[in-house]
Each structure stands twice: as structure tokens, then as C-alpha cells.
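# Topology and contacts: notes
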Amino acid sequence: MFATLDTILKLLTLCALAHSITALALQPSPSAGSAPLDPSHKYLIVRGESPVGSSASQEHLDFDNAATLLLQSFRAQQTTAPDGLEECSAPSHKATFSGYDYVILLGMLVISLGIGIFYGFFQKGGSSSNEFLLGSEMSIFPVTLSLTTSFITAIELLGNPSEMYFQGTQFVLIVIPMVLVIPVAVKIFYPIYFKMELTSCYEYLGIRFGKEIRILGAVLYVIQMCFYTAVAVLAPAIALSKATGLDTKIAVVLIYVVCVFYSSQGGMKAVVIADSFQAAVLAVSLVLIVGLGSFYSGNPIQVFQTAAEHNRLEFFNMDPSPTTRHTVWSVVIGGFFYWTSLFCTNQASVQKCMSLKSLRLAKIALGFAIIGLIAVFLLNFYTGLMVFTHYADCDPLTAGRISATDQLLPYYVINTYEHISSIAGIFVAGIFAASLGTVASALNSLSAVTCEDLLVNGMNIKISPEKGATYAKWMSLGFGIASFGLVFIVEHLGGVLQATLTLNGLIGGVTLGLFVLGIACKQANTKGAFYGGLLSLVLVIFVGVVAQIASVEQPALPTSIEHCDCHVNVTTIAEDLLTEPMLLQEEGGFTSWPIFRLSYMWYSMIGCLLTVFLGWLISLVIDFIQRRNVLKITGKGIDNPAISEEVFKSDSQVQYTTSISVSTVTTSVMDTKEPTSDTGHVNHAIRIDDE
């Protein structure tokens, strides 16, 4: 009888909601002179009538009374949990961090600090800027581990399992573009960097285009990484605090204090060695969770079988629409541009490869780092399916156990393995290790970019090698404090977290476009790259920000709460459905254009290709204008008796370029001569040709 009454009440509630939606859809939008809709009756509108005043019909009043009675009965029935079960959203016992867990977490932080103390105060070397920023020819094994951890952020460690849990496995194909990037990196980008013996990869932009483009690339990187590090620390700190009870501010402070100290004192050597230790902690954490999950949640056969039964397995979504969030095309093609920007034009990764002795070692380190990254991602994806198997019949988000998708994995670990001592501490230590590696690498690379690209090149400040290390240390400290301050700004912006991550991809795509323009387009010049890059940046940021504002959240795949061991009080869910604002959204406007509905996976590709196209086009236009100006000058010169006609009989080409022309790095160097006339200026630049 109880189950029957419960079903009837649910059906009646849904009928009332359906009636309200239908009636609201039939009602025209209120004009300026009509009565506004009363939020308390917005689900009781009948035949487009006004719900207030004497204009309401008897049918409307009857429906109002019936719906009110329905909701009161439904609320009364759901107030008391059946069979004495506790409420899922208000459990009597919550798993928390134990003393052993805190010891493990603090131990990992203390060891990281010890590495910074050793390389900053006891290890000889690091007195010059080159040793501090590049580590002075480090060995391949720690650099490989450091490269792997620098691409694994805590956001991905928490976000990838929730993606598998709520959206399915289509995103697994992101490992394919990782493999495709390897030949591009080792055949095109890194040979250029090593032949030019760069400290900052943006030095290439300065040699190819000029000082302005080098500064532009450096400024974009500084803005990108400052915001990204703040989000990379805040997002996991919030998720961990909600699931484990660990205070958010304590987590943020611990991460920044440790990172700022060992990156500013020990330099690149401390960062790489600390990353190697943190990679070991992270690997132990992931393997331990998967191993225990095979016993408590299901073996691999059960995991994949449950995922298949609930439509979680999806690998070949060939939908050609670019607005579909994840397809084979968006994940593989869009992911290729995203990973290329991270592996090939991001200073944090380039700087670590440049710390090795030779290009051959850099290629080996990069290849093994990508293989390790793929292994970690696949393990992380499987963890998401394993968690889904565990909660297939009682979704913790629907039941009210957690309030956000990123809290899923911490909640699973803390509650499932609560009786196993120290597991929670090892897991949280692994999450902290990922954050430490990301922030420390970012701070060290920001120091290199600021010293080499902005101070020395941009402001013409001469820094001796001895003072360079001191400048770099203070830069690391300054950027750490600035990023720490941004955490408390981003914390109050809510939905801007996702927008900030999108902005990171957009800026990376534009930066990649500048490099591709310089390498692939011989006709590109300084003005074309500068104006093309700026215009592309403005366009892609505008598209990305508007898309985030106007975006509709992707609905999750179906979940179940049929067999929860607690009472799921759906009164709140019903009341939210019946009382949430039902605003009439008018179709149209520029926000409904398809460009603003694109999948976020395409942003890096759009930024790159748009920069290359606009930079190439503007370069051609400027080149054409310059040629016309030269022809006008020579045309007037023929009629000028002061100019010898022998000048125009010469077979030599007129040099009118205003920028360095470098299409690729070879050993050919062309000499230029001093101008003998006051009619123009020849730029004395090294021209490196690719013939």
C-alpha cells in the first residue's frame, strides 16, 4: 500500500509539473503593460491566464488548490524515513582524516621541502641563471618523471573519473593525440630549440619575427600560467575539503608554501627531483586505489560488464557536428592541437627538455614521458568506471552525499576504504603531489620567461650570470605570491573556474599558431605575426567567453538510486522542480549562433589556425604595400638626375624587409651591407634560409 501511494503521488506531481510546462509554453511572453508572473504560482498557469487578481478563472483556482494539496501530501509522506533508515544527505557518521592520514600527507610535504633546502643551501652550483633555470645538464630519468607529472594536474585526476562516471568513455580517445604529438615534437620543434640553444622557447619568436613578438608570447604565457596555477590548486582543494573535511584554506596554503620555497630556493634541479619523488607518490596512490577497488568494487570483467549494461562504453561517436561535446573528431583532432601546445610551445615542458645534455636525450625523455602520461590517464579512466560499478545502484550525487561531480573520487576513497588505515592519506598525498608538480614547474618557467624575455629582451636590462640566479629566485617568490592572491579572487567567481580553464586552452592555441606561422610560412613578417596574433586572441577569447556564458550544461547519463542503503528524500528534488524559475527563453540573438555552441575541444585548433591564417594574410598585404612603395621610389628616381642610372641597371634585389626572416633553422647566413643612401633603412638581421 505504501509503495502504491508513493508511486501515485510521484505520478500526480509529475503530471502537475507537465501541465505547468505546457501551459507556460502556450502563454505568450508578457508585454510591457501586462502583469508580471508571480514566482510562487509559475507552475499553476492555465491557458495563459494571469495567476493573480480577479482575472484568474475557477479552473485555475481549483488547480492551484489541487497542486498545493499534492505537494503537502508528498512532503508529509517523505518527512519520515521508512524502516528507520537515515537520510542519505545527512548521514550520522562521516568519514574524516585520521592522525595517520595527516602524518602521511605532512611527510610528503616535508620531504619536498627538504629537497628544496638541500639544493638551495647545501648543493654547490646554481649560482648562475643558466644553472638555476636549466639545471646544468641533468640526467634523463628524473627529467622524464618530472615531464610526466607536469602534465598531470589534480583537476584531471579528479575530473577524468567523474567524466567516465557521468558521461561515458568517449573521452578516452584523448590518449591518441598524445602519441601523434611525439613525431611533431622530436622532428620539428625541439631540433630548432637545441640548435639555437634557447633558455626560453619564446626566444625563437624573437629571432624569427622580432622583439615585439617575443614579448607578446611571453606576456601571454605569464597571464595563462598565473591563472591556471590558481585554478589548479583551488579546484582540487575545494573538492577534497567537501569530501574529506580538510579545510580548503589549509590545503591551498600548504601547497603554495611548499612550492614557492623549493622552486625559489633550489631552482630547476629541486623542481625536477621533487617532481620525481611526487611522481612515485602519485603512482603508488593510483595503483593502490585500483588494486583495492578490484576487491571491493569489482574485477575488470565486472567493471566493463556493468559499464556496458548502463551505456557507459562509447568509443566511436562519429557525429560530424562540431557542437557535440565529445566525438572521435573533436577528441582526436582538437586534442592534437591541445597537446601540441603543451608539449611543444609551453615553457614549462620545453625548459625541462632543454636541461638535458643533448637533443637525443630530450627525444627519449619526451617519448617516455608521454608513454607514462598515457598509462596514468588510462589508469585514471578505469578508476572512473570502477567507481561507477560501486555506485551503479545508488548514485551519491543524486542521493545528496556529494554536491559536485569532482567530489566523486575523494568520497569513494574516503568512505569505501575508511576501515583501511592510511589509504585516505596516501590518496590525498597523491592529489597534493600532482598540484605541487604543476605549480612548481609553472613558477620556475615563469621566472625564466620573465628574466630572459621581459627584463633582458623587453626592457634591455643587463643582468650578469651571477645576478641572474638571484633575480630568478625573487621572480619565483613573486609569482608564487601573485598566484596565491589570485586563488582568493577566483574562489568568489564560481562558474569562472571552467571559463579560466577554457581561456588556458585558447591562449595556448594562439601561442602555438605564432610558432607554426614562423616555421611554416616563409612570407610571414613581424607586423603580420603581431597583428594576426592579437586579432586572433581577441576573437577566440570573445568566442570562448560568450560560449561559457551561453552554454547549456551537458546532461549526464542516467544514474540510479534504487538500492541505496539510506533514505533518499526526494521532497527537496520535487520542490526544486516545482518552484525553480521557468523563464521564457527567446530563441535568437547572436549567442545562439553555431560558433558559440562549439565543443570546447576545438578551441585550441581554432586559435592556432586563425593565428596562422590571419598572420599570413596580413603579412601578404603588408608585403604588397611595401613593394608598391619601393616601386614608387624607384620610379621617381629614374627621372631624378641626382641618382645614377647604374643603380637601376643592377641585378641585385632591393632589400625592403623590416623584420628578421626565418622559416627554419639551418646554417646558411646572408650578409647585409651598409646602406649608402639616406632614402631608406636596411634592417641588419641574420637571415636563416631553409633551402
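Note that this is a predicted model, so its numbers are computed, not measured.

Let's shift gears to the overall build of the protein chain. On a plain count of helices and strands, the protein chain comes out with 23 helices and 2 strands. Evaluated residue by residue, the protein chain yields a buried proportion of 51% over its 691 residues. Residue pairs in contact within the protein chain that sit at least 24 positions apart in sequence constitute 84% of those at least 6 positions apart. Accessible surface for the protein chain amounts to roughly 32,500 Å². Of this, 64% is attributable to carbon and sulfur atoms.

Under the definition given, this model contains 24 aromatic pairs. When the centroid spacing of 5.9 Å and the interplanar angle of 75° are considered together, the rings of Phe542 and Phe596 count as edge-to-face. Of this pair, Phe542 sits in helix α20 (residues 526-550) while Phe596 sits in the loop between α21 (571-579) and α22 (603-638), placing them 54 residues apart in sequence. By relative accessible area, Phe542 is classed as partly exposed at 44%. Of the residues examined, Phe596 reaches a relative accessible area of 4% and is grouped as buried. Here a set of aromatic residues connected by ring pairs shows up, and it is made of Phe171, Tyr338, Trp339, Phe343, Phe377 and Phe381.

If you look at the biggest cluster of nonpolar residues, it comprises 157 residues, and the most contacted ones within it are Tyr193, Trp339 and Phe432. By residue number, the principal contributor to this core is helix α10 (residues 248-296), which donates 19 residues. If near-sequence neighbours (up to four positions away) are discounted, Trp339 is found in contact with Phe151, Glu156, Ile174, Pro177, Met178, Val181, Leu373 and Phe377.

Taken as a whole and assessed by the stated rule, the structure comprises 4 salt bridges. The salt bridge involving Glu163 is made with Arg325; its shortest N-O contact spans 2.9 Å. Residue Glu163 is located in helix α6 (residues 154-167), and its partner Arg325 is located in the loop between α11 (300-309) and α12 (328-344); the two are separated by 162 residues in the primary sequence. On the accessibility criterion, Glu163 (11% relative accessible area) is buried. Given the relative accessible area of 25%, Arg325 is considered partly exposed. Here Asp453 makes a salt bridge to Arg214, at a shortest N to O gap of 2.5 Å. Placement of Asp453 in helix α17 (residues 423-458) and of Arg214 in helix α9 (residues 211-244) is noted, with a sequence separation of 239 residues between them. Judged on exposure class, the residue Asp453 and its partner Arg214 are both buried.

Further remarks concern the packing of helix α16 (residues 408-416) against α17. For the pair α16 and α17, the least separation of the axes is 8 Å and the interaxial angle reads 155°. Viewed along their axes, α16 and α17 adopt a mutual orientation that is roughly antiparallel. For the pair α16 and α17, the sense of crossing is right-handed. Across the interface between the two elements, Leu409, Pro410, Val413 and Ile414 of α16 pack against Ile423, Ala424 and Phe427 of α17. Partitioned by chemical class, the residues of the contact of α16 with α17 number 7 nonpolar, no polar and no charged.

Turning next to α11. Working note: α-helix, 3.6 residues per turn, so residues spaced by three or four point in the same direction. Of all the positions in α11, only Val303, Thr306 and Ala307 are classed as buried. Projected down its long axis, α11 shows its buried positions confined to an angular sector of 100°, all on one face. Of the exposed residues in α11, the ones pointing more than 90 degrees away from its buried face are Ile301 and Glu309. As for α11, its buried residues are in contact with α14 (359-390). Two to three positions downstream of the cap, the backbone nitrogen of Ile301 sits 3.1 Å from a side-chain oxygen, assigning the N-cap of α11 to Asn299.

On to the confidence of the model for the protein chain, then. When pLDDT is averaged along the protein chain, the result is 76; 71% of the residues meet or exceed 70. By mean pLDDT, strand β1 (residues 669-670) is the weakest element of the protein chain at 37, and α11 is the strongest at 93. Every residue in residues 20-55 is under pLDDT 50, and counting partners more than four places away or in other chains gives 53 contacts.

The subject of this paragraph is the side chain of Thr611. Within the fold, Thr611 resides in helix α22. According to the relative accessible area criterion, Thr611 is buried, its value standing at 1%. Setting aside anything within four residues of it in sequence, one finds Thr611 in contact with Val510, Gly513, Leu514, Leu517, Gly532, Gly533 and Ser536.

The subject of this paragraph is a nonpolar patch on the surface. A surface patch of nonpolar side chains, amounting to about 660 Å² of accessible area, comprises Phe304, Leu313, Phe315, Phe316, Met318, Trp329 and Ile333. As for its placement among the helices and strands, Trp329 is situated in helix α12.

What follows deals with the packing of α6 against α16. Interaxial distance between α6 and α16 falls to 8 Å at its minimum, and their mutual angle equals 95°. With respect to α16, the element α6 is oriented roughly perpendicular. In contact with Leu157, Leu158, Pro161, Ser162, Tyr165 and Phe166 of α6, α16 contributes Leu408, Leu409 and Pro410. Class assignment for the residues of the contact of α6 with α16 results in 8 nonpolar, 1 polar and no charged.

If you trace the backbone, Arg401 turns up in the loop between α15 (396-399) and α16. Among the residues examined, Arg401 registers a relative accessible area of 24% and is labelled partly exposed. When neighbours within four sequence positions are excluded, Arg401 is seen to be in contact with Glu86, Cys88, Pro91, Pro396, Tyr411, Asp565 and Cys566.

Of all the 9 residues making up α16, 8 are buried; the element is thus mostly covered by neighbouring parts of the structure. Every buried residue belonging to α16 is among Leu408, Leu409, Pro410, Tyr411, Tyr412, Val413, Ile414 and Thr416, and all of these are buried.

Within the chain, Glu197 stands out as a residue other than glycine whose phi angle is a positive 50°. One can find Glu197 in the loop between α7 (175-196) and α8 (202-208). Exposure remark for Glu197: the relative accessible area of 67% places this residue in the exposed category. One non-glycine residue with positive phi stands out, namely Asn311, at about 60°.

Within the secondary structure layout, Gln347 lies in helix α13 (residues 347-354). Using a relative accessible area of 0% as the deciding quantity, one classes Gln347 as buried. Engagement of the side chain of Gln347 in a polar contact is seen with the backbone nitrogen of Cys201, the distance being 3.0 Å.

A few words now on the environment of Gly217. Along the chain, Gly217 falls in helix α9. We classify Gly217 as buried; its relative accessible area is 0%. Aside from chain neighbours lying at most four places away, what touches Gly217 is Tyr202 and Leu205.

Calculation rules
Residues numbered from 1 in each chain as written. Predicted model: local features only at pLDDT ≥ 70, side-chain atom pairs only at ≥ 80, totals over all residues. Heavy atoms only, no water. Helix = DSSP H or I, 4+ residues; strand = E, 2+ residues; numbered from the N terminus. Buried < 20%, exposed > 50% of the residue type's maximum accessible area, 1.4 Å probe, protein only. Contact = heavy atoms within 4.5 Å. Areas by Shrake-Rupley, 256 points an atom, 1.4 Å probe, with all protein chains shown as cover. Phe/Tyr/Trp six-rings, centres within 6.5 Å; stacked < 30°, edge-to-face > 60°. Core = buried A, V, L, I, M, F, W, Y, C linked by side-chain atoms within 4.5 Å. Salt bridge = Lys/Arg side-chain N within 4 Å of Asp/Glu carboxyl O. Axes fitted to C-alpha atoms, helices over the stretch in contact; angles between N-to-C directions. Parallel < 35°, antiparallel > 145°, perpendicular 65-115°, else oblique. Left-handed = near helix turned anticlockwise from the far one by under 90°. Nonpolar A, V, L, I, M, F, W, Y, C, P; charged D, E, K, R; others polar. Arc of directions from axis to C-beta. Polar contact = N/O pair within 3.5 Å; in protein donor to acceptor, adjacent residues only side chain to side chain. pLDDT = per-residue confidence, 0-100. Patch = residues over 30% accessible without salt bridge, like charges linked within 9 Å, V, L, I, M, F, W, Y side chains within 5 Å.

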